[in-house]
Amino acid sequence: MDLASGWTLSGPLTTEATVPGCVHVDLLNAGLIPDPFLDDNENAVAWIGRADWTYNRDVAWTGPRPDRIDLVFEGLDTVADISLGGVTLGSTRNMHRSYRFDVTELIDETPRDLRVRLTSAYQEADRVRAELGPRPNAYPEPFNFVRKMACSFGWDWGPTLVTAGIWRPVRLEGWSTARLRSVRALTTYRDGTGLLDVDIAVERTRDSALRARVVLDGNEIATVPVRESAAGPLPGERVTLTHEIAGVAPWEPDEPNLHSLVVVLLDGETELDRWERRVGFRTVEIDTSGGGFVFHVNGAPTLIKGVNWIPDDIFPSRMTRERYARRLGEAAAAGVNLVRIWGGGIYESRDFYEVCDELGLMVWQDFLFACACYPEEEPLYSEVVAEARENVVRLSSHPSLVAWNGNNENLWLYRAGGWDAQPGGDLSWGSKYYLDTLPAIVAELDPSRPYMAGSPWSGSWEHEPNAVDHGTFHSWDVWNRQDYLHYRDSAPRFVAEFGWQAPPAWRTLRDALSDSPLRPDSPGVLHHQKAEDGNGKLARGLAAHFPAPAPSSMEAWHYLTQLNQVRAVRTGISHWRSHWPHTAGTILWQLNDLWPVTSWAAIDGAGRYKPLYFELKSLYAARALSIEPRDGGLVVAVMNDHDAPWAGSLWIDSTATDLSVPPRSVVLVEVPELPGAAEMVVARFNGVQNLWFASDFDLVDSELTVTAESVPGGLDVHVTAAGLARDLLLQPDRLHPDAVVDRGFVTLLPGESTTFAVRAPAELDAGLIKAPWVLTDLATALRS
């Protein structure tokens, strides 16, 4: 019996409540608070996270009477006391767990008050901190003292909106004789054979000769007894099954073959319960020999082309399967093959992982620890263990899940960030979780996947955690202190975080901010920039490459910072990818945003693409070129991330070389010494082109010819350049709020043409193409 409707929210304010949901969204929908995404309204609603709230509704059981009736909460955010008809059922202190309460003796056809009292997460965190002592962290909020989505307390890209609510579904569940408490299905692959390892946990109310039937793709694999009959009520039981499946089609990132797996619990021939998933057979290993970090999928070394994922909404109860499918589909369309779920967020819903299963997107799952020292004592330790065990079992059937990671940056920053010398730094700080507790849980419950103690992590304390030559590396000196050209100073073994900021799309800024005039340093822009000295870093990043835009030219600043983000990420990925397999992958920080903000994301908080999104398509293409400085000269890196050779004629300017690049390989070809006045190199190979410029030299009017052709669904904008046109950008949201375009920055050589395909849900005015800043090149932006 779904309990989604009929709830009332009460506290300092009262309104109807939506479940799943949270207090902020209920108050916003009722018109009782301003939109926290607009201007500085985040501050105006800060009081909500410090208040206590209550959800209540009447419940009754009117159907046939089963042996047992459970009240099941799939997620409570966070500190809750639950009662039914005035009888206390229990208390919760963890957003990342589910809860089940036996209400058989408390419920019948008479409606009774179900009440969920939510205490402020701040109050709980303060209580635990007072009991256990202080612990350092990277932000001035107590997120490390309560098992809750850490970034709801604010981050360097997110607002401080500390939520409370029934954030995942709630139901009454009636059952008799027995139910499936959990099913853990591990599916691996080796030499053409799949291995199915199923662990089935059963809870029962009475003695009966139970059986579990396992069915794969409609074919019965086995039917096994749960246990022999015995007198009296029985506790929980478990049965395991291992079975080889010959000739199974494996799950691969390029070909995600899925199979239907069904587990049926039987009493005689009566079906009591059923568990259904789509599974895939694959084996994932990480080769760490010699300090490396190379993913092997089904035995094949795999270049990781990844993105970091943060919660796609600061109010995660608003996420739907359709929204996950759209955002993850956008990642796959950009050539991404791995999504890292970052440790300051949540264990995502089943929908997220099922979409990844279907798309062939690998998932690296952080356990939920980020940027802080975490106490190892009670009351937190047992919560961490219960949370980890539940989510390992819950997620282990998904073939997309390829690795578990203990934490984000905690092993590194404990000493590198000086936490060990801060108040509380001499107390327990989390290393027990990452080095003992979590690896033991994974080894017990999910031995089919590799576990890493953290990111970054060099593999042991023999090397610094963020050692460039060992394991995973986070590249944050670039951006924080150095220009992006310093990405070329090293070739880490695996780059798990790096990035460069830019503001969101123009319409996203304008919709969120009422600043007049809108400037880089206007109040709203600064409020929606959460990084320490973020705008200062943007300015210093621009100064290394361009003249400073006029303070009054917000449009030029917006264009140039978007371009600088693209160039920075291009510099890093192209350089590191050219070092494959020494550098075995990159995971961009970050794919997405959860509100309108200046950040490192490729897709902004309104779901609009920054130009960086389109650049990823080029950088993560299966076959790509880049021109790289190397040993005092230039080389063309011909990069073939494909199972077939890549053969043809490589043209470097007017010189051709026949070339065949083996599968999953990179070949470097020296660029002939350039004439002293040469400012540009052009490399072409089988229709792929890459350009190298010595500088943004003497940019003059590119003499563009622009025509806009009305086509079904929008406009095709045809552009021809008589001269060199550097970094043409068409911003579709300046034509219509919902307009999209099919490409980002484009450089045209003299005589070249391109077509921007602009699509929108409404008819577009072709004349607007000529409006300022709709279509812009670098020369125009620098003159502004």
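The structure presented is a predicted model; accordingly, all values stated were derived computationally and were not measured.

**Student:** Is there a simple way to explain the packing of helix α4 (residues 321-333) against helix α5 (residues 350-359) in this structure?
**Tutor:** Between two packed helices, both the angle of their axes relative to each other and the distance between the axes serve to describe the pair. Contact geometry of α4 with α5 gives a least axis separation of 9 Å together with a crossing angle of 40°. By the angle between their axes, α4 is oblique relative to α5. Like other packed secondary-structure pairs, α4 and α5 cross with a definite hand, here right-handed. Only Asp351, Phe352, Glu354, Val355, Cys356, Glu358 and Leu359 of α5 make contact with α4, whose side of the interface consists of Arg321, Tyr324, Ala325, Leu328, Gly329 and Ala332. Residue classes in the contact of α4 with α5 are distributed as eight nonpolar, one polar and four charged.

**Student:** Help me out: how do you make sense of the side chain of serine 120 in this one?
**Tutor:** Locating serine 120 in the fold gives a position in the loop between β8 (112-119) and α3 (121-132). Reaching out from serine 120, the side chain makes a polar contact with the backbone nitrogen of tyrosine 122 at a distance of 3.1 Å.

**Student:** Whenever I open this one, the packing of aromatic side chains confuses me. Can you help?
**Tutor:** Two descriptors summarise a pair of aromatic rings, namely the distance from one centre to the other and the angle between the planes of the rings. Inspection of every chain in the model, using the stated rule, returns 43 aromatic pairs. Arranged with centres 4.2 Å apart and planes meeting at 20°, the rings of tyrosine 609 and tyrosine 613 form a pair that is stacked. Note on tyrosine 609: relative accessible area 29%, which makes it partly exposed. The rings of Tyr139, Phe143, Trp155, Trp157, Trp342 and Trp589 are connected pair by pair, giving a single aromatic cluster. It is arginine 179 that lies over the ring of tryptophan 175; its NZ or CZ is 5.8 Å from the centre. In this arrangement the basic side chain of lysine 432 is found over the ring face of tyrosine 381, its NZ or CZ atom lying 4.6 Å from the centre.

**Student:** I'm lost on the sheet that holds strand β7 (residues 99-102) in this one. Help?
**Tutor:** The strands making up a sheet are joined through hydrogen bonds of the backbone, oriented either antiparallel or parallel. Taking strand neighbours across the sheet as the criterion, the three strands line up as β7-β4-β11 in an open arrangement whose pairing is antiparallel. Each having just a single partner strand, β7 and β11 (170-175) make up the two edges of the open sheet. The mean angle between the axes of side-by-side strands here comes to 25°, regardless of whether they run parallel or antiparallel. With six bridges connecting them, strand β4 (residues 68-73) and β11 associate as antiparallel partners.

**Student:** So what exactly am I meant to see when it comes to the side chain of threonine 437 here?
**Tutor:** Mapping threonine 437 onto the fold places it in helix α8 (residues 431-445). Residue threonine 437 is classed as buried on the basis of its relative accessible area, which comes to 8%. When near neighbours in sequence (up to four residues on either side) are disregarded, threonine 437 contacts Tyr381, Val385 and Lys432.

**Student:** Before we go on, may I ask you to explain the sheet that holds strand β43 (residues 775-776) in this structure?
**Tutor:** Across the sheet, three strands lie side by side as β41-β39-β43; this open sheet has antiparallel pairing. Among the strands making up the open sheet, the edge pair consists of β41 (746-748) and β43. When strand β39 (residues 725-730) meets β43, the two strands line up antiparallel, connected through two bridges. Bridging across to β43, leucine 729 finds its partner in threonine 776.

**Student:** Just to check I follow, could you spell out the nonpolar core for this structure?
**Tutor:** With 178 residues, the main nonpolar core has Tyr55, Leu71, Ile82, Val116, Trp155 and Phe352 as its most contacted residues. Top element by residues in this core is helix α13 (residues 554-577). It accounts for eleven residues. Excluding residues within four positions of it along the chain, isoleucine 82 makes contact with Leu71, Phe73, Leu76, Val87, Thr88, Leu89, Gly90, Thr92, Phe101, Leu114, Arg115 and Val116. With 27 residues, the next largest nonpolar core counts Ala178, Tyr189, Leu216 and Ile245 among its residues.

Scoring rules and cut-offs
Residues numbered from 1 in each chain as written. Predicted model: local features only at pLDDT ≥ 70, side-chain atom pairs only at ≥ 80, totals over all residues. Heavy atoms only, no water. Axes fitted to C-alpha atoms, helices over the stretch in contact; angles between N-to-C directions. Helix = DSSP H or I, 4+ residues; strand = E, 2+ residues; numbered from the N terminus. Parallel < 35°, antiparallel > 145°, perpendicular 65-115°, else oblique. Left-handed = near helix turned anticlockwise from the far one by under 90°. Contact = heavy atoms within 4.5 Å. Nonpolar A, V, L, I, M, F, W, Y, C, P; charged D, E, K, R; others polar. Polar contact = N/O pair within 3.5 Å; in protein donor to acceptor, adjacent residues only side chain to side chain. Phe/Tyr/Trp six-rings, centres within 6.5 Å; stacked < 30°, edge-to-face > 60°. Buried < 20%, exposed > 50% of the residue type's maximum accessible area, 1.4 Å probe, protein only. Lys NZ or Arg CZ within 6 Å of the ring centre and 35° of its normal. Pairing = 2+ DSSP bridges. Core = buried A, V, L, I, M, F, W, Y, C linked by side-chain atoms within 4.5 Å.

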